[in-house]
Amino acid sequence: MKVVLKELTKIFPGRTKKAPEVVAVNKFDFEIPDGKLVGLLGPSGCGKSTTLYMICGLQKPSSGKIFFGDDDVTELSPENRGVGLVFQNYALYPHMTVKQNILFPLQNFKGADRLSKSEMLERAYNVAKLVQIDDLMDRKPSELSGGQQQRVAIARALVKMPRVLLLDEPLSNLDARLRLQTREEIKRIQRETGITTVFVTHDQEEAMSISDIIVVMKLGVVQQIDKPQTVYEDPVNLFVAKFLGTPPINVFEGYVSGGKLFIGEDRVLDVDGVEDQDVFVGIRPEGFIYDEKGPFHCALRNVEVMGRDVSIVSTNGASLNPIIRSIVDADNKIDVSAEKVSFTLKPHKVFIFNKETEERIRFGKSEQNSQTSSKED
Ligand code: ATP
């Protein structure tokens, strides 16, 4: 089932007459393809949950429309939309067993949708098997681990055979190991059921690993929608470039003069065709090549060996981050006693941004890519 958001907007009034209204979601336009898992990603307060609640029907949009397939569901109540919703805090009924929790939504089916007892049980056991909790059906939620409780919550959402599955930070209450495991599980369950799914998270690594498509939001406004790898490799602005990637992108103040990019005194790269101007320069940690004769010089702090790779930690007066992290191959013989370290930069791992708007300025191959993709559009 494709989900279409048309100029979806939510404005909350200010708490007092003088307080300004909050535009939580601003003209969100997007067609979620059938059967895909979409990650809504952004910092706290960017409008992710409000978007999810509007798709679900718990929040009424101020303007705009929502379609499931060709059905306009904008005015429908949550019960009539055919959505399954999973919250961060599981929200299971504590006095009921796992089986009773899963059966609960089916008992509310009315009229032609009503199921017989044996049909309900069959459905409950089928979803319990899918999320691998079928051996825990007689336990109470308090007798389960956090990960198991979250699986029950997912089973309870799936048992209704929803048209769309909505997950609101479903992994936040789990410890690191369970988070990893449960996110793999969610991906598997989503693939097996083929249900169009929207997943809200503020954790970029989680969104990158689980989503077919990522939507990056800031202050209610969509910044970029694309495959996770594309958003990482081809960010549209400084905010997106900074939000994705661990270790984070290294950001410097720089300038372009005569088609050359400068960071401080160092002429680090050719950027033919870019007008002279002050810029922000973003360099991914893997964008540095350790090179004694390289044009970019930094003060060496230390070197951390991480198996296959080496992380060189350095500083530079033009850096906006307190330290610069560059990841290079462990085969490099790095003089750890040296005071300076020099690099050559990989052009496709270097992004430059307008200093005022923070929008990406394309050069060389990235400019050709954007022209080809805009033609394809
Ligand atoms: P978080 O990750 O912290 O949950 P979020 O990205 O999901 O954040 P939302 O909860 O969608 O963000 O909130 C978006 C904006 O709308 C925020 O500025 C928030 O303060 C505001 N907001 C949300 N709900 C209400 C409400 N009921 N009344 C007034 N303002 C609200």
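Attention now moves to the overall build of the chain. Within the chain, the regular secondary structure consists of 9 helices and 21 strands. Structurally, the chain occupies a C-alpha span of about 75 × 45 × 45 Å along its principal axes. Counting every position in the chain, which comprises 377 residues, the buried fraction comes to 48%. Put simply, 66% of the contacts in the chain that link residues at least 6 apart link residues at least 24 apart. For the chain, the accessible surface area stands at approximately 18,900 Å², while carbon and sulfur atoms represent 48% of it.

Once that is clear, we can look at the site of the ligand. Taken together, F12, V22, A24, P43, S44, G45, C46, G47, K48, S49, T50 and E169 form the complete shell of residues around the ligand. S44 is positioned such that a nitrogen or oxygen atom in its side chain is 2.6 Å from an oxygen atom of the ligand. Here K48 contributes a side-chain N or O atom positioned 3.0 Å from an oxygen atom of the ligand. Here the ligand has 630 Å² of accessible area as a free molecule, and 62% of this is covered by the chains. Only β2 (22-32) and α1 (48-56) provide two or more residues apiece to the shell around the ligand.

Moving on to the nonpolar core. Grouped together as the largest cluster of nonpolar side chains are 37 residues, with contacts concentrated most on I102, I133 and L158. Looking at this core, the elements with two or more residues in it are α2 (98-107), α3 (117-130), α4 (146-158), β7 (164-168) and α5 (176-193). Element by element, the count of residues in this core is highest for α4, at 6 residues. In this view, I102 contacts A124, V127, A128, I133, M137, V152, A155, R156 and V159; residues no more than four positions away in its chain are not counted. Counting 29 residues, the second largest nonpolar core, distinct from the first, contains F252, L261, I283 and V350.

Turning next to the pattern of salt bridges. Using the criterion set out here, one finds 16 salt bridges in the structure. One salt bridge connects D71 with R163, and the closest N-O pair in it is separated by 3.0 Å. Pair noted here: D71 is in strand β5 (residues 71-72) and R163 is in the loop between α4 and β7, with a separation of 92 residues, a long-range link. Looking at D71, the relative accessible area reads 40%, which means it is partly exposed. Here D270 makes a salt bridge to K260, at a shortest N to O gap of 3.0 Å. Taken together, the positions of D270 in strand β13 (residues 266-270) and K260 in strand β12 (residues 260-263) put the pair 10 residues apart, joining distant regions of the chain.

As a further point, take the sheet that holds strand β15 (residues 288-290). Whether parallel or antiparallel, the strands of a sheet pair through hydrogen bonds between backbone atoms. Taken in spatial order, the 5 strands make up an open sheet running β15-β19-β16-β17-β18, and their pairing is antiparallel. What marks the edges here is a single partner per strand, and that holds for β15 and β18 (324-329). Strand-to-strand twist in this sheet, taken as the mean axis angle between neighbours without regard to direction, amounts to 50°.

Glancing now at the side chain of R183. Along the chain, the position of R183 falls in helix α5. In this structure, R183 is buried with no salt-bridge partner, the nearest side chain bearing the opposite charge being E184 at 4.3 Å. In this structure the side chain of R183 is engaged in a polar contact, spanning 3.0 Å, whose partner is the side chain of S209. Apart from the residues lying within four places of it in its own chain, the contact partners of R183 are L171, E205, E206, S209 and I210.

Taken as a whole and judged by the stated rule, the model has 6 aromatic pairs. An angle of 65° between the planes, with centres 4.9 Å apart, marks the rings of F288 and F343 as edge-to-face. Remark: F343 occurs in strand β19 (residues 340-345) and F288 occurs in strand β15; sequence separation between them is 55 residues. Under the relative-accessibility criterion, F288 is labelled buried at 2%. The class for F343 is buried, based on a relative accessible area of 0%. Just above the ring of Y232 sits the side chain of R284; from NZ or CZ to the centre is 4.0 Å.

With that settled, the discussion passes to the sheet that holds β2. If you trace the 4 strands from one edge of the open sheet to the other, you get β2-β1-β4-β5, paired in antiparallel fashion. Of all strands in the sheet, those with a lone pairing partner are β2 and β5, marking the two edges. As judged from the 7 bridges shared by strand β1 (residues 3-12) and β2, these two strands associate in the antiparallel manner. Bridge pairing links K10 to V25 in β2. Against the sheet, α1 touches β1, β2 and β4 (63-68), its axis set at about 120° to β1.

Here we take up the pairing of strand β8 (residues 196-201). With 6 of its 6 residues buried, β8 lies for the most part within the structure. Of the two faces of β8, the one holding T196, V198 and V200 and the one holding T197, F199 and T201 are both buried throughout. Two elements, strand β3 (residues 37-41) and β8, share 5 bridges in a ladder whose sense is parallel. When the bridges of β8 are listed, V38 appears paired with V198. Sheet analysis places β7 next to β8, joined by 5 bridges and oriented parallel. Bridge pairing links D168 to V200 in β8. Handedness of the crossover is the feature at issue here: the chain leaves β7, passes through α5, returns alongside β8, and the resulting connection is right-handed.

Okay, α2 next. Here α2 has its buried residues at V98, N101, I102, L103, P105 and L106. Structurally, α2 contributes buried residues whose contacts are with α3 and α4.

Definitions and cut-offs
- Residues numbered from 1 in each chain as written.
- Predicted model: local features only at pLDDT ≥ 70, side-chain atom pairs only at ≥ 80, totals over all residues.
- Heavy atoms only, no water.
- Helix = DSSP H or I, 4+ residues; strand = E, 2+ residues; numbered from the N terminus.
- Buried < 20%, exposed > 50% of the residue type's maximum accessible area, 1.4 Å probe, protein only.
- Contact = heavy atoms within 4.5 Å.
- Areas by Shrake-Rupley, 256 points an atom, 1.4 Å probe, with all protein chains shown as cover.
- Near = heavy atom within 4 Å.
- Polar contact = N/O pair within 3.5 Å; in protein donor to acceptor, adjacent residues only side chain to side chain.
- Core = buried A, V, L, I, M, F, W, Y, C linked by side-chain atoms within 4.5 Å.
- Salt bridge = Lys/Arg side-chain N within 4 Å of Asp/Glu carboxyl O.
- Pairing = 2+ DSSP bridges.
- Axes fitted to C-alpha atoms, helices over the stretch in contact; angles between N-to-C directions.
- Lys, Arg positive; Asp, Glu negative; His and termini not counted.
- Phe/Tyr/Trp six-rings, centres within 6.5 Å; stacked < 30°, edge-to-face > 60°.
- Lys NZ or Arg CZ within 6 Å of the ring centre and 35° of its normal.
- Right-handed = clockwise from strand over helix to strand, strands pointing away.

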